[in-house]
Each structure stands twice: as structure tokens, then as C-alpha cells.
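Coordinate analysis (summary)
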Amino acid sequence: MTVESTAAARKPRRASKRTSAAKTPQSSEPQLVQLLTPEGERVEHPDYSIDLSADELRGLYRDMVLTRRFDAEATALQRQGELGLWASLLGQEAAQIGSGRALRDDDYVFPTYREHGVAWCRGVDPTNLLGMFRGVNHGGWDPTTNNFHLYTIVIGSQTLHATGYAMGVAKDGADSAVVAYFGDGASSQGDVAEAFTFSAVYNAPVVFFCQNNQWAISEPTERQTRVPLYQRAQGYGFPGVRVDGNDVLACLAVTRSALERARRGEGPTLVEAFTYRMGAHTTSDDPTKYRADDERAAWEAKDPILRLRTYLEKEKLADEAFFTELETESETLGKRVREVVRAMPDPEPISLFEHGYADGNSLVDEERAQFAAYQASFADSAEEGK
Ligand SMILES: Cc1ncc(C[n+]2csc(CCOP(=O)(O)OP(=O)(O)O)c2C)c(N)n1
Ligand SMILES: [Mg+2]
């Protein structure tokens, strides 16, 4: 590092309201892998090709629309007090559906807290995602049913879980692969660096899928890295690729290729899906405090759903009836989500102690007993007050 760059790195700089014109390493270079432009034009890439039927293309569109509809419903439910918190995926549908649809059933996924589109692809009922955000359970689904691990909030830790799991897959001699999802902010965590090292030296069949949505709460990506994120992989000895994260076709093709590489025993790949968090970090966040409106407007022009719709319409791969039926299906989904969430019963407080250990634990048993006594003490005092 030069003296100048060290000084620049140390110089305190508040994350100012960034405009779309801001010069960052990410915006100036390099080329993204792209198969569908923001204008809905199909383009070819020398290393990644894809040939999908009209049915498959409509399927990807449907996945993205329904995921966005579910996400909007969850945000509304939080605003109505039905959920404690919600982390929206708005804008990241292509990154999640493209990568999610590249997976085989026997592959295993380690998500963050924002992977609602991937959960959809894994066949997790969307209503199951909401229990944790309503505060009625610690997860809401059995990870072994859909090979989709529970949401992980401790930033970056799931990359280590994924690496360990992938090392186990390799030892079992299976040809399935593992995907670890994480964000641009998570890329600064020590856990991610350790996961990169271990997966590389053990040649683990894992794909690191980083959704660079430009922000880690209020910190822009230029506070996470001096080089484009995908280039980090080079230092660990495995390939990295940057894909247009708003292009569902490119995300599918690139993830498929990385998964195949992992299955062939050639080790990890880092995929950087270059995308944008259109909404707030969570419903507790107010992005108007730290980012400029024109930035969001610039990304709206690259909307992942709109560009596929333009392509489908232009190529006459979907007719009006398809879009109308999908709208009806979306509304039915929204209604079902609302009804199921509102009917979720409050748990017994003592159930807090469940699921920590598969075979029980004496300390947890002791804590459970203490808590039971504490609860009983309320009943006693109510009795005494009579
Ligand atoms: C170890 C740890 N440190 C800090 C936090 C608080 N935190 C929650 S989300 C977040 C930002 C993560 O940003 P990024 O990895 O870019 O993912 P995104 O939320 O943008 O999808 C932080 C710092 C946490 N949950 N865990
Ligand atoms: Mg981020």
C-alpha cells in the first residue's frame, strides 16, 4: 500500500448522501456478465450461454413477480404491527431467483436474512419465513426438508457453516454443492476471510454468492473494499466473477457454471451479483438519511422484473392472459400470507428453551426450570392478592 492510499484509507469520511455519479471502483469497472440488458435486449457472452424455453422464461418471471408481491405484503404487515421487523429484498429478485433456480434439490443453501427469493425456489412456504419476524419462533422451517438452512443474522457466519458443510459433502463423496449467500458488508467480516481460506485449501464444493446491493445499512461499498469485490477471490486462489445481479438469465448461467465447477471437484467460486437494495435496510431503517434519491432512480431503470417483461412481450413469449393471471395469483398469495400471519398463535413462553440442543443440555434444563418457577411466581402473587 502506498503512503497516499494508506492516508486515504484512514481519512475519516462520513458516508455522505451518495449520488449515482459518484466515482467508485465498482461503477467505473469492470464489465458485468450480462445476457439481458436493462432495455430487455438478449445479448451473448463468450463464457456463459443459456438456452431457455418460453415456459422456463415465464417461470422465472413468475418467480420474481410472486417474490416481490410476497415481500411487499410482508413490509405492509410490519407497518400494520403484525411483524416486528422485515428485511425487504426489493430490487434483488433476479439475483435470488436466477441463482436459486440454478440449484439442484440435493444442493444445500446457507442464507442470510434477506433470501426470500431463494427460499421460494427451495420450496419453503413463504408464510414460514414470517414466524421469526413476528417473534413467534426461532426459524419456522425444517432446514433438512428443503436443504435450506435457517436465516442467519450474525453477519458472515453462514459462510463458515457452508464451508464446513461443503467439506463434509466432499468427504461423503457426493456430487452436490453448497451455496453461501452474503452481502457486500459481510465481505469485510473475518468469518468470510476464513471461509475463503478453508474452502480454497480444502477444495470445498461451495459457491460464495455475494449480493453486492451497494449498501450495508448506511455504509456504501466503497467503505468495504478498495477493489471490486469479486477480485478478492484471486488472493485466495479461486475464481471470482461479477454478474449483473438484475439480470436473471445471467445470474442463472453464472451460478450454474460455478455449481458445475464445484461438482467437478474444482473448488469454490465467488460470484458477485452487482445489484441494488431498492428499499430500506429493514423496516427500522430510513435510507433518506444517508443516500440520495437520484441513486435509486438510476437503479429503477435497471429493474430486474421490468427488463424480463419487456423481453417476453417483445419476443411474444407471453401474452396478456399470462400477465393478468399472474396478477390474480399475486393477489391470492398476498391475501393468504396476510391471513396466515394474523392467525399465527403466540407461543408458550417456556418454548423459548426448545430446539437449542437436539439431545438436551443440563444447563438449559436448569434455566428452563428457573423460568418455570418464575412464571409460577406470578400465579402465586395473583393468588396472594385476592
Ligand atoms: C456480526 C454482526 N455484526 C453486525 C451486525 C449488524 N448488522 C445487521 S445487517 C448489517 C449489514 C449487512 O450488510 P450486507 O452484508 O451488505 O447485507 P445486506 O443487509 O445489505 O443484505 C449489520 C452490520 C450483525 N447482525 N452481525
Ligand atoms: Mg449490502
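For the chain, an unreviewed UniProt entry supplies the name Branched-chain alpha-keto acid dehydrogenase E1-alpha subunit and the organism Streptomyces microflavus DSM 40593. Taken from UniProt, the Cofactor (unreviewed entry) comment for the chain reads in full: "thiamine diphosphate".

1. Let's talk about the overall build of the chain
Along the backbone of the chain there are 15 helices and seven strands. In terms of its C-alpha atoms, the chain occupies a principal-axis envelope of roughly 80 × 60 × 50 Å. Relative to its full complement of 386 residues, the chain shows a buried share of 48%. Across the chain, every contact between residues at least 6 apart in sequence was considered, and the portion connecting residues at least 24 apart equals 76%. Only carbon and sulfur atoms are counted for the fraction: they give 52% of the accessible area of the chain, which is about 18400 Å². Distance between charge centroids for the chain: 6 Å, based on 42 positive and 58 negative side chains.

2. A closer look at helix H11 (residues 248–263)
Because an α-helix packs 3.6 residues into every turn, residues spaced three or four apart end up facing the same way. Given a rise of 1.5 Å per residue, 16 residues ought to cover 22 Å, and the 22 Å separating the end C-alpha atoms of H11 matches this to within 8%. A large share of H11 lies buried, amounting to 12 of its 16 residues. Listed as buried for H11 are Val 248, Leu 249, Ala 250, Cys 251, Leu 252, Ala 253, Val 254, Thr 255, Ala 258, Leu 259, Arg 261 and Ala 262. One side-chain oxygen at the N-terminal end of H11 lies 3.0 Å from the backbone nitrogen of Leu 249; it belongs to Asp 247. The positive-phi residue at the C-terminal boundary of H11 is Gly 265, with phi of around 80 degrees.

3. Remarks on the packing of aromatic side chains
Inspection of every chain in the model, using the stated rule, returns 27 aromatic pairs. When the ring of Phe 198 is compared with that of Tyr 202, the centres are 6.0 Å apart and the planes differ by 10 degrees; the resulting orientation is stacked. Using a relative accessible area of 42% as the deciding quantity, one classes Phe 198 as partly exposed. Take Tyr 202: its relative accessible area is 49%, and that puts it in the partly exposed class. Each ring, one from Trp 215 and one from Tyr 290, has its centre 5.3 Å from the other, and the planes form 55 degrees; the classification is tilted. Here Trp 215 is found in strand S4 (residues 215–216), whereas its partner Tyr 290 is found in the loop between strand S7 (269–274) and helix H12 (293–300), with 75 residues between them in sequence.

4. Considerations on the coordination of the magnesium ion (ligand 2)
Surrounding the magnesium ion (ligand 2) are the protein donor atoms Asp 184 (OD), Asn 213 (OD1) and Trp 215 (O), at 2.1 to 2.2 Å. Mapping the donors of the magnesium ion (ligand 2) onto the primary sequence yields the spacing D-x28-N-x1-W. A residue pair is termed long-range when its members are at least 10 positions apart, and Asp 184 in the loop between strand S2 (178–183) and helix H9 (190–201) and Asn 213 in the loop between strand S3 (206–212) and S4 qualify at 29 residues. Assessed through its relative accessible area of 1%, Asp 184 is described here as buried.

5. Things to note about the pattern of salt bridges
Under the defined criterion, the tally for this structure stands at 26 salt bridges. Linking Asp 303 and Arg 68 is a salt bridge whose minimum nitrogen-to-oxygen distance equals 3.0 Å. You can see Asp 303 sitting in the loop between H12 and helix H13 (304–314) and its partner Arg 68 sitting in helix H3 (residues 54–79), a full 235 residues away along the chain. Take Asp 303: its relative accessible area is 11%, and that puts it in the buried class. Its salt-bridge partner being Arg 264, residue Glu 266 comes within 2.9 Å of it at the nearest N-O pair. Judged by relative accessible area, which is 36%, Glu 266 ranks as partly exposed.

6. As for the packing of H3 against helix H4 (residues 93–100)
Geometrically, a packed helix pair is captured by the angle between its two axes and the distance between the axes. Interaxial distance between H3 and H4 falls to 10 Å at its minimum, and their mutual angle equals 130 degrees. Judged on the interaxial angle alone, H4 and H3 are oblique. The chirality of how H3 crosses H4 is right-handed. Counting all contacts with H3, which are made through Leu 60, Asp 63, Met 64, Thr 67 and Arg 68, the residues of H4 involved are Glu 93, Ala 94 and Ile 97. Residues of the contact of H3 with H4, tallied by class, amount to four nonpolar, one polar and three charged.

7. Let's talk about the pairing of S3
Where burial is concerned, most of S3 is hidden: seven out of the seven residues are buried. Pairing analysis gives six bridges linking S2 to S3, with the strands arranged parallel. Following the sheet pairing, Ala 180 is matched in S3 by Phe 208. Each parallel crossover has a hand, and for S2 linked through H9 to S3 it is right-handed. Of the strand pairs in this sheet, S3 and S7 are connected by six bridges, and their pairing is parallel. Looking at S7, one finds that Asn 212 is bridged to Phe 274.

Parameters at a glance
Residues numbered from 1 in each chain as written. Chains lettered and ligands numbered in written order. Predicted model: local features only at pLDDT ≥ 70, side-chain atom pairs only at ≥ 80, totals over all residues. Heavy atoms only, no water. UniProt positions renumbered as here; feature names shortened; annotations may be inferred. Helix = DSSP H or I, 4+ residues; strand = E, 2+ residues; numbered from the N terminus. Buried < 20%, exposed > 50% of the residue type's maximum accessible area, 1.4 Å probe, protein only. Contact = heavy atoms within 4.5 Å. Areas by Shrake-Rupley, 256 points an atom, 1.4 Å probe, with all protein chains shown as cover. Lys, Arg positive; Asp, Glu negative; His and termini not counted. Charge placed at Lys NZ, Arg CZ, Asp CG, Glu CD. Expected span 1.5 Å × (residues − 1). Polar contact = N/O pair within 3.5 Å; in protein donor to acceptor, adjacent residues only side chain to side chain. Phe/Tyr/Trp six-rings, centres within 6.5 Å; stacked < 30°, edge-to-face > 60°. Donors = N, O, S within 2.8 Å, 3.2 Å for Na, K, Ca; no water. Salt bridge = Lys/Arg side-chain N within 4 Å of Asp/Glu carboxyl O. Axes fitted to C-alpha atoms, helices over the stretch in contact; angles between N-to-C directions. Parallel < 35°, antiparallel > 145°, perpendicular 65-115°, else oblique. Left-handed = near helix turned anticlockwise from the far one by under 90°. Nonpolar A, V, L, I, M, F, W, Y, C, P; charged D, E, K, R; others polar. Pairing = 2+ DSSP bridges. Right-handed = clockwise from strand over helix to strand, strands pointing away.

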